[in-house]
Amino acid sequence: MGNSRRTFLKSSLLTTLATALGTEVVFGENLPEGVRPLALDDPTLTTWGKHRELMVLSDRPWNVETPPHLLDDDVTPASNLFIRNNGRIPEKLDAKTWSLTIEGESARARKVFSLDELKTRFKPYTYNLVMECGGNGRYGFNPPASGNQWKEGAVSCLRWTGVRLRDVLQSVGLKDDAVYVGYYGKDVHLSGDPTKPVISRGVPIKKALEDETLLAWAMNGADIPPVHGFPLRLVVGGWPGSVSGKWLHRLVVRNKVHDGEKMDGTHYRVPIRPVEPGSKVADDNFRIIESMPVRSLITFPTSGATIEEGKFLELRGHAWAGDLEVANVDVSLDFGATWQAAQLKKPVNRLAWQRWTARVSFPQKGYYEVWAKATDAQGVSQPMVIPAWNPGGYLNNSCHRIAIKIV
Ligand SMILES: Nc1nc2c(c(=O)[nH]1)N[C@H]1C(S)=C(S)[C@@H](COP(=O)(O)O)O[C@H]1N2
Ligand SMILES: [Mo]
């Protein structure tokens with residue numbers, strides 16, 4: 001192999017590596033021929049700085065899940081935030097030239113905003129908002145539903161900063177017949193075909209106009225990372241994550257339910273009346289998922305923990321209930337025969353998750369399971385068993401369980 005060809009191979013390897021790492025490979029020119037940089041095989045370095053215990057469910061597109069014990073913080077750190085992509089992450093994201101177009105048959109005008117205009121013309125707000133993938137818990141369904149087999153970790157609660165969608169929509173003007181707002185992002189279909197839509201969902205106008213529905217440019221006080229929608233995304237707390245459009249560049253105000261990609265069929269829709277597991281569901285028996293159901297996680301200790309006999313154990317976790325508040329959380333050490341009430345905090349703002357803690361003691365050495373069950377403000381509790389089967393494998397909010405050994 002000629003010298004120039006070798007130099008080319010090395011430099012393209014270094015370029016690939018630098019892109020994956022998001023930083024320069026210092027001294028890269030010294031890398032001996034045939035030595036493979038370690039980082040190429042280390043997902044914690046190349047997967048956008050994610051914690052090394054996050055689980056890669058797929059890399060085409062990228063879908064990465066968080067184990068429950070890494071969701072212990074009141075505000076989920078960026079390193080622990082799950083990734084759910086339907087297509088390719090857009091390349092060349094530039095905040096300076098980014099624009100958001102608002103149009104649609106029920107908008108009074110068509111307006112284009114630069115990111116700077118959004119930041120300066122409207123008042124910014126910051127809220128802690130729960131974002132949970134509609135398919136969180138999908139692994140539990142039988143027969144299995146196709147799609148990412150999320151366990152319980154496709155959920156987060158981050159501090160989002162942006163302007164209210166309501167303020168921006170009102171500056172454009174809404175017609176009386178406006179019923180829905182749909183989003184379009186800049187991600188590209190896996191095939192690479194720019195004409196193929198990836199995902200374009202939305203929310204009814206009432207949800208769009210809520211105080212907490214944001215056009216966000218910051219996450220936990222920093223720029224939104226590229227994989228999570230830099231430089232602008234929609235954040236709609238309490239509803240399936242799929243309505244929080246990333247790489248947001250266009251919104252349409254609709255006079256009917258938005259008919260974008262993944263608004264129909266078995267996408268983010270569940271049967272209205274229960275169906276036989278595995279059966280085909282008639283189109284008129286579907287509703288679009290809106291507010292997510294009540295759910296909780298045990299974030300401490302980690303499942304499988306070994307604890308010394310005779311000690312109290314301080315359990316903790318979070319609970320959330322879509323648009324509603326959580327009213328109480330109970331824990332059981334005896335497979336659900338008896339329950340004890342946990343302490344439950346109020347959310348820091350509407351649509352944030354709530355911290356719960358419970359001090360428990362175990363009667364003797366042996367194996368136990370801790371089960372946690374949350375109940376929402378309308379008295380609806382998490383089920384112990386997998387809830388109604390649906391073809392897309394959505395809304396499995398059954399109780400989280402962990403294993404404990406007392407020695
Ligand atoms: N443009 C765009 N927005 C998107 C998606 C996507 O694939 N493309 N995935 C959605 C889904 S299904 C979820 S659950 C959330 C996940 O957000 P995160 O990856 O920042 O955690 O983003 C939503 N917004
Ligand atoms: Mo999702």
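Predicted model only: the values in this text are computed from it and were never measured.

**What to know about the overall build of the chain**
Scanning the chain for helices and strands turns up five helices and 24 strands. For 407 residues, the compact-globule formula gives about 22 Å, and the C-alpha radius of gyration of the chain, at 23 Å, lands near that figure. Overall, the C-alpha framework of the chain stretches about 70 × 65 × 45 Å when taken along its three principal axes. Within the chain, the proportion of its 407 residues that are buried is 50%. A fraction of 69% describes how many contacts in the chain between residues 6 or more apart in sequence connect residues 24 or more apart. For the chain, the accessible surface area stands at approximately 19000 Å², while carbon and sulfur atoms represent 52% of it. One way to put it: in the chain the 50 positive side-chain charges average out to a point 2 Å from where the 44 negative ones average out.

**Examining the pattern of salt bridges**
Under the definition given, this model contains 22 salt bridges. A salt bridge links Arg 295 to Glu 132, with the nearest nitrogen and oxygen atoms 3.1 Å apart. With Arg 295 in strand E16 (residues 295–300) and Glu 132 in strand E6 (residues 124–132), this residue pair connects regions lying 163 residues apart in the sequence. Neither residue differs from the other here; Arg 295 and Glu 132 are each classed as buried. When the shortest N-O distance is used, the salt bridge between Glu 210 and Arg 350 registers 3.1 Å. Of the two residues, Glu 210 is situated in the loop between helix H5 (205–208) and strand E10 (214–219) and Arg 350 in the loop between strand E21 (343–344) and strand E22 (354–360); the sequence distance between them amounts to 140 residues. Residue classification places Arg 350 among the partly exposed residues on the basis of a relative accessible area of 35%.

**Some points on the environment of Arg 359**
Along the chain, Arg 359 falls in strand E22. Sequence-distant contacts of Arg 359, that is, excluding residues within four places in its chain, are made with Phe 312, Leu 313, Glu 314 and Gln 340.

**Remarks on the layout of surface pockets**
Space inside the second largest pocket adds up to approximately 320 Å³. In this structure, the second largest pocket is lined by 16 residues; those nearest its centre are Val 270, Arg 287, Pro 387, Ala 388 and Leu 395. Partitioning the lining of the second largest pocket into residue classes produces eleven nonpolar, three polar and two charged. Each of domain 2 (99–288) and domain 3 (295–406) contributes no fewer than three residues to the lining of the second largest pocket.

**Considering the sheet that holds strand E19 (residues 326–332)**
Strand order in this open sheet of five strands is E17-E24-E23-E19-E20, and the pairing throughout is mixed. Every interior strand has two partners, whereas the edge strands, strand E17 (305–307) and strand E20 (340–341), have only one. When E19 meets strand E23 (residues 366–376), the two strands line up antiparallel, connected through six bridges. Bridge pairing in E23 places Val 329 opposite Ala 374.

**Quick look at the site of ligand 1**
Around ligand 1, the structure places 20 residues, and the nearest of them are Phe 82, Asp 187, His 228, Arg 233 and Lys 246. In the environment of ligand 1, an oxygen atom lies 2.6 Å from a nitrogen or oxygen atom belonging to the side chain of Lys 246. Out of a free accessible area of 530 Å², ligand 1 has 100% covered by protein chains. Using a 2 Å cut-off from the grid points, one finds that ligand 1 occupies the largest cavity. Partitioning the shell around ligand 1 into residue classes produces nine nonpolar, seven polar and four charged.

**What about the state of the cysteines?**
Evaluation of the coordinates by the stated rule reveals zero disulfides. The cysteine Cys 157 is free of any disulfide, with Cys 133 supplying the nearest cysteine sulfur at 16 Å.

**So, the sheet that holds strand E8 (residues 180–185)**
Strand order in the open sheet made by the five strands is E5-E4-E13-E8-E9, with mixed pairing throughout. Edge positions in the sheet fall to strand E5 (111–114) and strand E9 (202–204), since each has one partner strand and no second. With direction set aside, neighbouring strand axes in the sheet form an average angle of 15 degrees. Lying on the sheet, helix H4 (residues 165–172) is in contact with strand E4 (99–103), E5, E8 and strand E13 (248–254); it crosses E5 at an angle near 135 degrees.

**Some thoughts on the environment of Ala 374**
Residue placement: Ala 374 occurs in strand E23. You can call Ala 374 buried: its relative accessible area is 0%. Residues Ala 374 and Ala 319, spaced 55 residues apart in sequence, show a C-alpha to C-alpha distance of 6.5 Å. Non-local contacts of Ala 374, meaning those with residues more than four positions away in its chain, are made with Val 294, Arg 295, Ser 296, Ala 319, Val 326, Asn 328, Val 329, Val 380, Ser 381 and Gln 382.

**Quick look at the pairing of E8**
In terms of burial, E8 is largely enclosed, as five of its six residues are buried. In the sheet, E8 pairs with E9 via three bridges, with the strands oriented antiparallel. Note on E9: the bridge partner recorded for Val 181 is Val 203. Pairing between E8 and E13: six bridges, direction antiparallel. Within E13, the position partnered with Val 181 by the bridge is Val 253.

Calculation notes
Residues numbered from 1 in each chain as written. Chains lettered and ligands numbered in written order. Predicted model: local features only at pLDDT ≥ 70, side-chain atom pairs only at ≥ 80, totals over all residues. Heavy atoms only, no water. Helix = DSSP H or I, 4+ residues; strand = E, 2+ residues; numbered from the N terminus. Rg over C-alpha atoms; globule rule 2.2 N^0.38 Å. Buried < 20%, exposed > 50% of the residue type's maximum accessible area, 1.4 Å probe, protein only. Contact = heavy atoms within 4.5 Å. Areas by Shrake-Rupley, 256 points an atom, 1.4 Å probe, with all protein chains shown as cover. Lys, Arg positive; Asp, Glu negative; His and termini not counted. Charge placed at Lys NZ, Arg CZ, Asp CG, Glu CD. Salt bridge = Lys/Arg side-chain N within 4 Å of Asp/Glu carboxyl O. 1 Å grid on protein atoms, 1.4 Å probe; cavity = no way out; pocket = protein on both sides within 12 Å on 5 of 7 lines; lining within 4 Å. Points joined across faces, edges and corners; volume = space filled by probe spheres on them. Nonpolar A, V, L, I, M, F, W, Y, C, P; charged D, E, K, R; others polar. Domains from an automatic or database assignment. Pairing = 2+ DSSP bridges. Near = heavy atom within 4 Å. Polar contact = N/O pair within 3.5 Å; in protein donor to acceptor, adjacent residues only side chain to side chain. Sits in = over half its atoms within 2 Å of the grid points. Disulfide = S-S within 2.5 Å. Axes fitted to C-alpha atoms, helices over the stretch in contact; angles between N-to-C directions.

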